[in-house]
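Each chain, written out:
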Amino acid sequence: MKINFYSRIVLLLGLLAGVVPRASAQRTQIRGFVDALTYYQNGKVNFGLGEQDLFITSEITERLSFLGETVFRFSLASPTNFNISVERIILKYNYAGNHSVLLGKHHTPINYWNDTYHHGRVFFPTIDRPLLFAQGIIPIHTTGVSLQGQNLGGIRFGYDAMVGNGIGSGDVADNNPVKSVTLAVHIKPTDGMRLGASLYHDAISKGSTMHNHSGGGGVRPVALTRINQDIVTGSISYNDSISSKKFELLAESSIVSSQSDSLGMQRAVATYVYAGLRLTEKFIPYVRFDDIRFTSNREVYFLSGNTQSFVAGLRYELSYLAVLKLEYQHVTSPLHTTPDKVTFQVAVGF
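Residues numbered from 1 in each chain as written. Predicted model: local features only at pLDDT ≥ 70, side-chain atom pairs only at ≥ 80, totals over all residues. Heavy atoms only, no water.

**Things to note about the overall build of the protein chain**
Using the following cut-off: Where helices and strands are cited, they refer to DSSP runs of H or I of at least four residues and of E of at least two residues respectively, numbered from the N terminus. Relative accessibility under 20% of the residue-type maximum defines a buried residue, over 50% an exposed one, and the middle range a partly exposed one, all with a 1.4 Å probe and only protein chains included. Contacts are assigned to residue pairs with any non-hydrogen atoms lying within 4.5 Å of each other. Here, Shrake-Rupley sampling with a 1.4 Å probe gives the accessible areas, and only protein chains in the shown set may cover a residue.
If you tally the helices and strands in the protein chain, you get three helices and 16 strands. When burial is assessed residue by residue, the protein chain has 41% of its 350 residues classed as buried. In the protein chain, once contacts between residues fewer than 6 apart in sequence are set aside, the share between residues at least 24 apart is 52%. A total of about 18300 Å² of accessible surface is found on the protein chain, and carbon and sulfur atoms cover 63% of it.

Structure, rendered in C-alpha cells:
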C-alpha cells in the first residue's frame, strides 16, 4: 500500500511538472485604446469620437505568438454609424535567435511610422498621422508572409522581407498574378536613433479596385490600366533620452513611381518632418511639416494635388497611457476647402 501511495504521489508530481510549464507558456494580454476630441473648423465647434482599438497579444509557446488588432470607427455607410475593421492578425514564429517568420495581415513595414505605431492614438506624437497616409501614398496593410530580424550585431541591424497581396487586392485573395514585395532595413547606431530605408514594388491589374483612395461619394475608383508601382522610402528618428531637455525628431520621405501604358511614368514625392522638445516631464511642444508633390497633373493613380501642411501643438502626458494634445493645423491644397483647424484630443489606454 505504501509503494502504491508513493507511486501515485510521484505520478501526480510528474504530471504537474509536465503540464504547468506548458500552461504558463501561454500568456494573453488584452488592451484597449480610445480617443475623443473636439475641434474648431469653418466657424463652428464640433465634438467627435476617434477610434476604439482592441489590441490582443498572446504567447502561445516559447516561439509562437499571436497579435490581433481590431478597430471600431465612425462610418456613415454603416447602419449603426460605426464600422469594425480588422487591422492586423499575425502569427509570429521565432525560428532562430532574433529571426522570425510572420504570417497574416501586417502593417506594411515601409516606413518608421507604419512599422512602429499601431492605432492607439495615445502613442502618436501628434493627434493624427502625417498626410501621406491620408492621401494614400503609403500602402498601410499587406496580407502575406514576411521574414524579420531585429537587433542584430553591434549596430542593432534589422530587416523585413515581405511577400503578399497587392494594393489592388483584399485580405483574402489577390487578383494579381504578381505579388507585392517589400524589402526594409534599419540600424540603431546609438541609443535613441534609428535610420531606415525600404523598397516596395507592386503591380495593380487593370480593373482592380483602387483601395488607397475614394472618388466622389465615397466610391472607390477602378484602375483603367495596369499600373506598376515602386516606392522608395528613407527615414530617421531620434529621441534624446540623456539630456534634461529631451529632443524628438522624426523625418521620412517617400518617392512613388507609377507607370502605365497610357501615361507613362508619373512620380510623387511625400515628406514630413516632426520635431518636439520635452520642456518638463509632462509638457512637449511640437511642430510637424508635411509636403506632397506630384510631377504631373495627369496622375494615373493618386488624387493629385500638391499639398503642404503645418502643424503646431502641445502634448501633455498625464501618464504613459493618458495624453492630452492641443493642435493647430493649416493645410494648403486643392483637396482641402477648409485650411485651418484647431483640435483638442484626449487619448487613453486601458
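Following the structure, the description resumes.
**Points about the nonpolar core**
For the record, the criterion: Take the buried Ala, Val, Leu, Ile, Met, Phe, Trp, Tyr and Cys residues and link them wherever side-chain atoms come within 4.5 Å; each set so joined is a nonpolar core.
In this structure, Trp113, Leu132, Ile137 and Tyr301 are the most contacted members of the largest nonpolar core, which totals 32 residues. Those elements that provide at least two residues to this core are α2 (112-116), α3 (131-134), β9 (193-204), β10 (227-239), β11 (246-260), β12 (264-278) and β13 (283-294). Counting residues in each nonpolar core, the second largest holds eight residues, with Phe33, Leu67, Leu102 and Val122 among its members.

**Quick word on the layout of surface pockets**
Counted only if it meets this: Definitions used for this entry: grid spacing 1 Å over protein atoms alone; cavity, a set of points where a 1.4 Å probe fits but cannot get out; pocket, an open set with protein on both sides within 12 Å along at least 5 of 7 lines; lining residue, one with an atom within 4 Å of a point. Grid points are joined across faces, edges and corners, and a volume is the space filled by probe spheres set on the points. Residues are sorted three ways: Asp, Glu, Lys and Arg are charged, Ala, Val, Leu, Ile, Met, Phe, Trp, Tyr, Cys and Pro are nonpolar, and all the rest, Gly among them, are polar.
Space inside the second largest pocket adds up to approximately 1300 Å³. Surrounding the second largest pocket, 50 residues form its lining, Tyr112, Asp115, Thr116, Tyr117 and His118 being those nearest its centre. Class assignment of the residues belonging to the lining of the second largest pocket gives a composition of 20 nonpolar, 18 polar and twelve charged.

**Regarding the packing of aromatic side chains**
Put simply, the test is: Within 6.5 Å between ring centres, the rings of Phe, Tyr and Trp (the latter by its six-membered ring) count as paired, and their orientation is classed by plane angle as stacked under 30 degrees, edge-to-face over 60, tilted in between. Two limits define a charge over a ring: the Lys NZ or Arg CZ must be within 6 Å of the ring centre, and within 35 degrees of the ring normal.
With the rule as written, the count across this model stands at twelve aromatic pairs. Judged by centre distance (5.4 Å) and plane angle (65°), the ring pair of Phe33 and Phe123 falls under edge-to-face. With a gap of 90 residues between them, Phe33 in strand β1 (residues 27-41) and Phe123 in the loop between α2 and α3 connect regions that are remote in the sequence. An angle of 40° between the planes, with centres 5.9 Å apart, marks the rings of Tyr274 and Tyr286 as tilted. One end of the pair, Tyr274, is in strand β12; the other, Tyr286, is in strand β13, and twelve residues separate them in sequence. Residue Tyr274 shares its accessibility class with Tyr286, and that shared class is buried. Within the aromatic cluster, the residues linked to one another by ring pairs are Tyr112, Trp113, Tyr117, Phe124 and Tyr272. Seen from the ring of Tyr39, Lys341 lies directly overhead, with NZ or CZ sitting 4.6 Å from the centre.

**A closer look at unusual backbone geometry**
The backbone of Asn42 sits at a positive phi, close to 55°, despite the residue not being glycine. Take Asn42: it is sitting in the loop between β1 and β2 (44-59). On the basis of relative accessible area, Asn42 is assigned to the exposed category, the value being 63%.

**A short note on the pairing of strand β5 (residues 99-107)**
The criterion, for reference: Pairs of strands are assigned from DSSP output, requiring at least two bridges between the strands.
Direction of pairing for strand β4 (residues 82-96) relative to β5: antiparallel, over a ladder of seven bridges. Across the sheet, Tyr93 pairs through a bridge with Val101, a residue of β5.

**Notes on the confidence of the model for the protein chain**
Filter applied, for reference: How sure the predictor is of each residue is captured by pLDDT, a score from 0 to 100.
Chain-level pLDDT for the protein chain is 86 on average; 87% of the residues reach the 70-or-more range. This stretch, residues 9-23, has a pLDDT under 50; its non-local contacts, to residues over four places away or in other chains, come to one contact. The low-confidence segment residues 212-219, where pLDDT is below 50, has 16 contacts with residues more than four positions distant or belonging to other chains.

**Comments concerning empty space enclosed by the protein**
Picture a little ball the size of a water molecule; that probe, rolled over the atoms, points out where space is still empty. Scanning all chains against the criterion turns up one cavity of 30 Å³ or more. Quantified by volume, the largest cavity comes out at close to 90 Å³. In terms of lining, the largest cavity is formed by 16 residues, of which the most central are Pro109, Ala184, Val185, Arg194 and Ala197. Those elements that provide at least two residues to the lining of the largest cavity are α2, β8 (180-187), β9 and β10.

**Side note on the side chain of Asn114**
Where we set the bar: Here a polar contact means two N or O atoms within 3.5 Å. Within protein one must be a hydrogen donor candidate and the other an acceptor candidate, and residues neighboring in sequence count only if both atoms are side-chain atoms.
As for its placement among the helices and strands, Asn114 is situated in helix α2. Classification of Asn114 as buried rests on a relative accessible area of 3%. Only 2.9 Å separates the side chain of Asn114 from the backbone oxygen of Ile140, close enough to count as a polar contact. Setting aside its immediate chain neighbours within four residues, Asn114 contacts His107, Thr108, Phe133, Ile138, Pro139 and Ile140.

**Remarks on the pairing of β1**
Relative to β2, β1 runs antiparallel, the two being bridged by 14 bridges. Across the sheet, the residue bridging to Val34 is Gln52, located in β2. Linking two consecutive strands that pair antiparallel, namely β1 and β2, is a turn of two residues; a positive phi of about 55° is found at Asn42 within it.

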